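# Structural overview for review
Read off the chains here:
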Amino acid sequence: MTIQWFPGHMAKARRQVTEKLKFVDIIFELVDARIPSSSRNPMIDEIIQHKPRIVLLNKEDMADPIRTKEWIRYFQSINIHTIPINSKSGDGLAKISKLAKEILAEKFDKMRAKGVKPRAIRAMVVGIPNSGKSTLINRLAKKNIAKTGNTPGVTKAQQWIKVGKEIELLDTPGILWPKFEDQEVGYKLALTGAIKDTILNLQDIAVFALRFLEKEYPERLKEQYGFEQIPEEIVEIFDVIGAKRGCLMGGGIIDYDKTAEAIIRDIRGEKLGKLTFERPQVAESE
Ligand SMILES: Nc1nc2c(ncn2[C@@H]2O[C@H](COP(=O)(O)OP(=O)(O)OP(=O)(O)O)[C@@H](O)[C@H]2O)c(=O)[nH]1
């Protein structure tokens, strides 16, 4: 499902997250490890206020490990806790409870000191569409989806999922809108599947992708499409790839739309390896 983010929808999404905020101790902010800046909601700090949070760099299995390390260092430098995870395989997920406990130790100690009955840490997942929220929640819940039902003292029914003994997770994630900063952000969101590519021109997305690969991963581009030298003209790059992939119209003419689609499919299908589309410097200068 692709959500059209009109101002009314944004306001509603924000309201839904804000309403649930008061029920939780900590936020798990899910971002795509391939675009850790572009996949963050632009108003997230304002929305979650001072609620503790952990940024989860999801789909780390598809991201460039060197860049992931850079991103972790970057988030550390701005005092944001970060864990790279793969929600599909479960890699890294065990670290989440451990870190959440550490972050909330003081709050829970104080509660205990006041004689409040010990309880599990309450958390919720937030993230933009397709960031992997459902996959993460299902994975954390494993098979023992023991919904705890209504929480006493909470007027509105909230469904909680038990994650081990120590965490209770809201069963529905908070969906927030992605950035709409500029076209480049749009291309990155399209390449990672966060927005439908029909919103943007396929050839534009592919041109952006090729220019990016040429700059950041030229060897992989050469290897995947058999270039000895990457041609200077974008149309020549398209011609070679189109011919190689059989993206032709009648009379042997290269079909550029099909070629663009093939390029995008290759990137999404990891044919060009693990890719990260942005570096922390970009985020820092924002
Ligand atoms: N490779 C990989 N794929 C993942 C990972 N997490 C999620 N996915 C895939 O990403 C896609 C989106 O995952 P969902 O869990 O549906 O994302 P969501 O955030 O709930 O999406 P919306 O319902 O649109 O808000 C699915 O195809 C998942 O299989 C991961 O860590 N690694």
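Residues numbered from 1 in each chain as written. Predicted model: local features only at pLDDT ≥ 70, side-chain atom pairs only at ≥ 80, totals over all residues. Heavy atoms only, no water.

As annotated in an unreviewed UniProt entry, the chain carries the name Ribosome biogenesis GTPase A and comes from Perspicuibacillus lycopersici. Among the UniProt annotations of the chain, the heading Subcellular location (unreviewed entry) holds the following wording: "Cytoplasm". (UniProt positions renumbered as here; feature names shortened; annotations may be inferred.)

### Regarding the site of the ligand
The local shell around the ligand holds 15 residues, among which Asp-61, Ser-87, Lys-133, Ser-134 and Thr-135 are the closest. Asn-130 is positioned such that a nitrogen or oxygen atom in its backbone is 3.0 Å from an oxygen atom of the ligand. Here an oxygen atom of the ligand sits 2.9 Å away from a polar atom, N or O, in the main chain of Gly-132. If you tally residues by element for the shell around the ligand, the top one is helix 5 (residues 133-141), at 3 residues. Taken together, the residues that form the shell around the ligand break down as 3 nonpolar, 8 polar and 4 charged. (Near = heavy atom within 4 Å. Polar contact = N/O pair within 3.5 Å; in protein donor to acceptor, adjacent residues only side chain to side chain. Helix = DSSP H or I, 4+ residues; strand = E, 2+ residues; numbered from the N terminus. Nonpolar A, V, L, I, M, F, W, Y, C, P; charged D, E, K, R; others polar.)

### Some remarks on the pattern of salt bridges
Enumeration over the complete set of coordinates arrives at 22 salt bridges. Of the charged contacts in the structure, one is a salt bridge between Glu-168 and Lys-162, with a shortest N-O distance of 3.6 Å. Here Lys-215 makes a salt bridge to Glu-216, at a shortest N to O gap of 3.7 Å. In this structure Lys-215 comes out as exposed when scored by relative accessible area, which is 67%. In the salt-bridge network here, residues are joined through shared partners; they are Arg-67, Glu-70, Lys-215, Glu-216 and Arg-279. (Salt bridge = Lys/Arg side-chain N within 4 Å of Asp/Glu carboxyl O. Buried < 20%, exposed > 50% of the residue type's maximum accessible area, 1.4 Å probe, protein only.)

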